[in-house]
Amino acid sequence: MPNLTDIDRSDTLQLADSAYTFRSTAEIPEKFGSIFSCYQHFNGVQSRVLNDVLYTDKSLVVAAPTGSGKTVIFELAIVSLLIKLETKNYEGDFKIVYIAPIKALCSEKYRDWSMKFSQCGLRTLEVTGDTDTTEYSMLQNYHLIITTPEKWDSLTRKWKDNKHLMQVVKLIMIDEVHLLNDESRGPTMEAVVSRMKTVQGTILHDLRMHQAAFLREGWGDVEEENLDNEDIATLPMRFIAVSACIPNIEDVAVWLGDSECPAISYKFNEDMRPVRLKKVVLGFHCPDNWSSFRFSLTLMYKLKGILLSHASGKPTLIFCSTRKGVIQTSMVLFKDLTFHFTQHQREKLYYAANQLNEKKLKDLLLSGIGCHHAGIAPTDRYLVEDLFRAGYLPILVATSTLAMGVNLPAHLVVIMSTDQYVRGAYQEYPESQVLQMIGRAGRPQYDTDAVAVIMTKNQLKERYERLVEGQETLESNLHRHLAEHLNAEIVLHTITDVAVAMDWIHSTFLYVCASRRPSRYSITCPPSAPHKIESKLQELCMRDLNDLASSGVIILDGMDIKATEMGRLMARYCVTLETMKLFQKITGTETVIDLIKLICKSAEYSDIQLRTSERKILNCLSKNKGHECIRYPITTRVKTADHKINILIQAVLGCLQIQDAGLSQECVKIFRIGQRLSKCFCLYITSCWLKKGTKNNYKLLLSSLRLIKCFSSRLWEDSIFVARQLDRIGPSYAGLLAASGRTSFAALRDASPRDIERILNKAPPFGNDIKDFVNHLPEYKLTADKSGSIVTIEVSISNQELVKQHISTGGANHISALIAGEPTTNTLLLYENIYDAYIANSGKVIKTIDISNYPEAKCIKVHLVNEKWVGLDVEALIDVEDRGIKSESAREYLKRFAFSQSQGQELIKENEEHKKSTIVSQSMKNENSAKMSYIDKLKERVKMLPNTPSLKLKRGFQSLGSSQRSIDSYLSRDTIQERPQKLGVIENFCLQNEAKPPKIFIKDHQQRSSSSCATTIFDNFGPSSSIKRQDYYVNYNQFDEYTGDNLNMNCSISELYTPAPEIESGFIPDEDAGIYDETQLNHHSLRSLNMNDASDLEDNSVTRELDEVQDNRKVNDLIPTFDLGEDLLLNEDIHSIM
């Protein structure tokens, strides 16, 4: 790179209209003439740069007013490359890359160029978005690639794995290069262009070394044709950049130039515009105590005068900073202005208004005022755009995003206030955005002049006057995001030590700007002292390197730099350093909702704003009595952007309808980013977190795998809307199938094709197609058995022959994760990814776990988690604890199984959050949840009791029906001292008595016959609950407190009871901690404690509560009981236990 202080500024050509003659399009070879067939001569800007663009290989930078035909410069550069390749008879591969900051601009160029250049044999591909789904293989068959800086950044971060592709990139075209001034997106553009310069140097060096090797071996004659092709491949990568008017375009030329000389630069003034533009900056008084919102409101009422002064009855475009401002401004103009339309115009507007989805915009449209912002449905936006473009709509009020994305020129452009609402606060528009909005003024096909008006505060008027005159200097913002881009280059091995890091800094626009204007970058030394500037930049570089090293992203070994696995993930998924630090705050016990909350706080969502108009809708989605709400409501009112993101994610996963077009569109962006972050997080867990040596991360790994699936399928991992994942099944059809009971793939397999068609009102063979697809999805079978200390896990596919025939149904590389863990200790025992094709071809996969290495393990839970499909996961539970008689004291035993009031309350809360019924009174929810949690906990405790020949379990419950009270309401009035005592007595009673395996039901208080049982206690476990009295068999949905799942468990009641331990005497429950202390009430022996003794430890709470029953029914009628074999509990026995 040449000495920056010695650049001759005269190299930059500042040209006026009289400095050239118009060049004819006939100069273009006939083969490519059709590209420029719309006009016979190039305009002034195009004519002046024609020689350098068409007849040289030099890089070029052009700064010209908006609307001066800069797109044709790109087209001339493409034709120039095609002519050179044709002259050399080169038939190999080549790539042309066009980079633009806005996806809408990319789409516009794609539509235009895919038609124009297809006649020349070029295939065009649009690559936009910020996911990592695009592979290099997709680019192989295309020549012209249209992309955004962010997408090209993500692709080129892996360029060393695809050197051939990068080797054939011969032309880089950068549109709107003044985006470098943008604080958020400018650094990405700067980093990606600097990387391409590095790629160019590396590839040229490698190819020249390769040629030299051929020549040394004497293969010149044999490989002459290959060498000719390599001569083409070694052509330098050419950069063509265009920009709006900026004063320091020569800085960009130095940056894009090579080590010998800068790029050629042209700077055209406003006289080169095809439509003369009058720029007006109006300053208005804004008191210090006024907010930006209040100032904007006052500007709305000044628009009428501006329109009457400058519009001249021609189309007007008004830019507002917020969506709400668009509607408010439109309403003000609706009251202040009246337009007179012809009959044809009136008919067009009336027809269009009837097509609008949002009826509140209909009156505005009929009056000649259109609204345009991202919160309006796309079809409505396109309709308004077409009307304005055709001249039927005299006024269009829009947000600033319209200027960046859609080419809708107008005679008058008004920027109403220069403030915008970003990340919870108002800030000034970026200079590039203001220039883009101004550039919408002027319609070359209709006008000879145009007007742009900026309405701002008095104190900012001078600044915007300098800006519109092209006097605002273009600066770098790379130093604001230097850490992320340094890490990307370290992962690519572009940077291997501190010295090389400084060399990379030299290739950036930051170095150029800091050398020219050091004070702008907090460098307190004059430009004439380059060594001091170097020292300050090195300090800046070392600061960020140390920050990366302290976070574990890189390793600093003296002056050497190496990337860690965390750094590679950060670079691969384009994740910020702050988000990686956020990932490191995990504890290992997170559930899916915990991870969603974590991701919602990531820096990647920083541009998601919470708008006042959205709060009501979001609060209704979170909590709305009598309506469907999200699964995990926000505990407070919606106050922050992460609350908004959390609610929208849950709403989409729960298939809730979002009654706002703007929020629905934001969901697309939220889930696109969420897919990237969830993949990065899961790989961070498996490749970084697990390698720390800690085993207590079973829940975390399981949750992270499920999170990926949630984001990719847009469903909860246990959703009943599984049909939504099938082709031709949308939300409505999935809802109909779920309502008819088809809530799983198994139900769809068993359904008749005609039933599916009847439910969805579809014609044959729709049902057959759906069933055929479902039948070819893998149907996993998972078993786990214990033999000695070895647990054997077997995975197979029941329909393996169908899967083998159509392996593409799930994907050729479709995998599932096999996870085994101990829920109580959160210990991960096994984790492995298994391909479906491998399972199908081998028949089964067997894995073993030696539990002797895990003496704390009581049970093992095994999961097979499909990476893509919701509804295919299977799991198994195996009890590995030795159930023989243990030499364990009753004191130790009861310690293990005692639970405090707070734990019971947490379980009640979890059960309430996971109830499937949504339209039920709050009191009934509390009653059911209390009954469920208490019975679940009691059953779990009894399940863990050691085995004796039989055990008599007696337990009475207070009525949960007519009394309108729940077990929880009764127990919550106990003191901390009383509750563990009562529970201890119950457990002791369980240990001492024997009986046959019980049948469990609630005795009906109206029909006394034992044969007419009203409601089994298991009815509250879910819709699949049932009890078969004749064989004492229970089928219920049990909430798994360890993993947050609904565990479908089938078990016999007799399997839940186990032998009692040897009971020591002389201890009762400790009053404070819920455990047992020998020092208290030693005169009581639990071995001799009978049922009457139990009442000694109680107060009269039960009696008092039962006396309060309003209908004065008998106590016998209100006591649900366990039926123990043939005998019912006596009432006195119940009272003694209670």
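**A short note on the pattern of salt bridges**
Per the counting criterion, the structure on display carries 36 salt bridges. The residue E27 makes a salt bridge to R23 at a minimum N-O spacing of 2.7 Å. Residue classification places E27 among the partly exposed residues on the basis of a relative accessible area of 31%. Taking the relative accessible area as the measure of exposure, R23 reaches 17% and is therefore buried. For R706, the salt bridge is made with E875, and the minimal N-O distance between the two is 3.8 Å. Placement of R706 in helix α29 (residues 698-713) and of E875 in strand β25 (residues 874-879) is noted, with a sequence separation of 169 residues between them. Residue E875 is classed as partly exposed on the basis of its relative accessible area, which comes to 29%. A cluster of three or more residues bridged by salt bridges with shared partners is formed by D251, E475, R516, R517 and R520.

**Describing the nonpolar core**
One recurring pattern in soluble globular proteins: nonpolar side chains tend to sit buried together. Ranked by size, the top nonpolar core spans 133 residues in total, and within it W152 and L256 carry the most contacts. Ranked by the residues each element gives to this core, the list is headed by helix α28 (residues 661-689), at 13 residues. In contact with W152, other than residues within four places in its own chain, are V97, I99, L139, I145, T147, M166, V192 and M196.

**Some thoughts on empty space enclosed by the protein**
Roughly 130 Å³ of volume is contained in the largest cavity. Residue lining of the largest cavity: T56, D57, A77, S80, L81, K84, K170, L171, L235, P236 and R238, and that is the complete set. Taken together, the elements giving at least two residues each to the lining of the largest cavity come down to α2 (70-87) and β6 (169-174). Sorting elements by how many residues they give to the lining of the largest cavity places α2 first, with 4 residues. The residue inventory of the lining of the largest cavity, partitioned by class, reads 5 nonpolar, 2 polar and 4 charged. For the second largest cavity, the calculated volume is near 110 Å³. T66, A244, E270, K279 and L435 are, among the 14 residues lining the second largest cavity, the residues nearest its centre.

**Notes on the sheet that holds strand β9 (residues 276-284)**
In a beta sheet, neighbouring strands are held together by backbone hydrogen bonds and run either parallel or antiparallel to one another. Pairing within the open sheet is parallel, and its 6 strands lie in the order β9-β16-β13-β10-β12-β11. Because the sheet does not close on itself, it has two edges, and the strands there are β9 and β11 (369-372). The mean angle between the axes of side-by-side strands here comes to 15°, regardless of whether they run parallel or antiparallel. Bridging between strand β10 (residues 316-320) and strand β13 (residues 412-416) involves 4 bridges; their strand directions are parallel. For T316, the partnering residue across the bridge sits in β13 and is L412. Packing of helix α11 (residues 303-310) onto the sheet brings it into contact with β9, β10, β12 (395-399), β13 and β16 (449-457), and relative to β13 it is tilted by some 160°. Sheet strands touched by helix α18 (residues 461-468): β9 and β16. Its angle to β9, the strand with the most contacts, is close to 170°.

**Digging into the packing of aromatic side chains**
For the structure on display, the rule yields 14 aromatic pairs. A ring pair is formed by Y98 and W113, whose centres lie 5.1 Å apart and whose planes are at 80°; its orientation type is edge-to-face. With Y98 in strand β3 (residues 95-99) and W113 in helix α3 (residues 103-116), this pair connects stretches of sequence that are 15 residues apart. The exposure class of W113 is buried, given its relative accessible area of 0%. Both rings, one in F671 and one in F711, keep their centres 5.3 Å apart while their planes meet at 65°; by these two values the pair is edge-to-face. Note that F671 is positioned in helix α28 and F711 in helix α29, a separation of 40 residues in sequence. Each of the two residues, F671 as well as F711, counts as buried. Aromatic ring contacts, followed pair by pair, group F74, Y98, W113 and F117 into a single cluster.

Basis of the calculations
Residues numbered from 1 in each chain as written. Predicted model: local features only at pLDDT ≥ 70, side-chain atom pairs only at ≥ 80, totals over all residues. Heavy atoms only, no water. Salt bridge = Lys/Arg side-chain N within 4 Å of Asp/Glu carboxyl O. Buried < 20%, exposed > 50% of the residue type's maximum accessible area, 1.4 Å probe, protein only. Helix = DSSP H or I, 4+ residues; strand = E, 2+ residues; numbered from the N terminus. Core = buried A, V, L, I, M, F, W, Y, C linked by side-chain atoms within 4.5 Å. Contact = heavy atoms within 4.5 Å. 1 Å grid on protein atoms, 1.4 Å probe; cavity = no way out; pocket = protein on both sides within 12 Å on 5 of 7 lines; lining within 4 Å. Points joined across faces, edges and corners; volume = space filled by probe spheres on them. Nonpolar A, V, L, I, M, F, W, Y, C, P; charged D, E, K, R; others polar. Pairing = 2+ DSSP bridges. Axes fitted to C-alpha atoms, helices over the stretch in contact; angles between N-to-C directions. Phe/Tyr/Trp six-rings, centres within 6.5 Å; stacked < 30°, edge-to-face > 60°.

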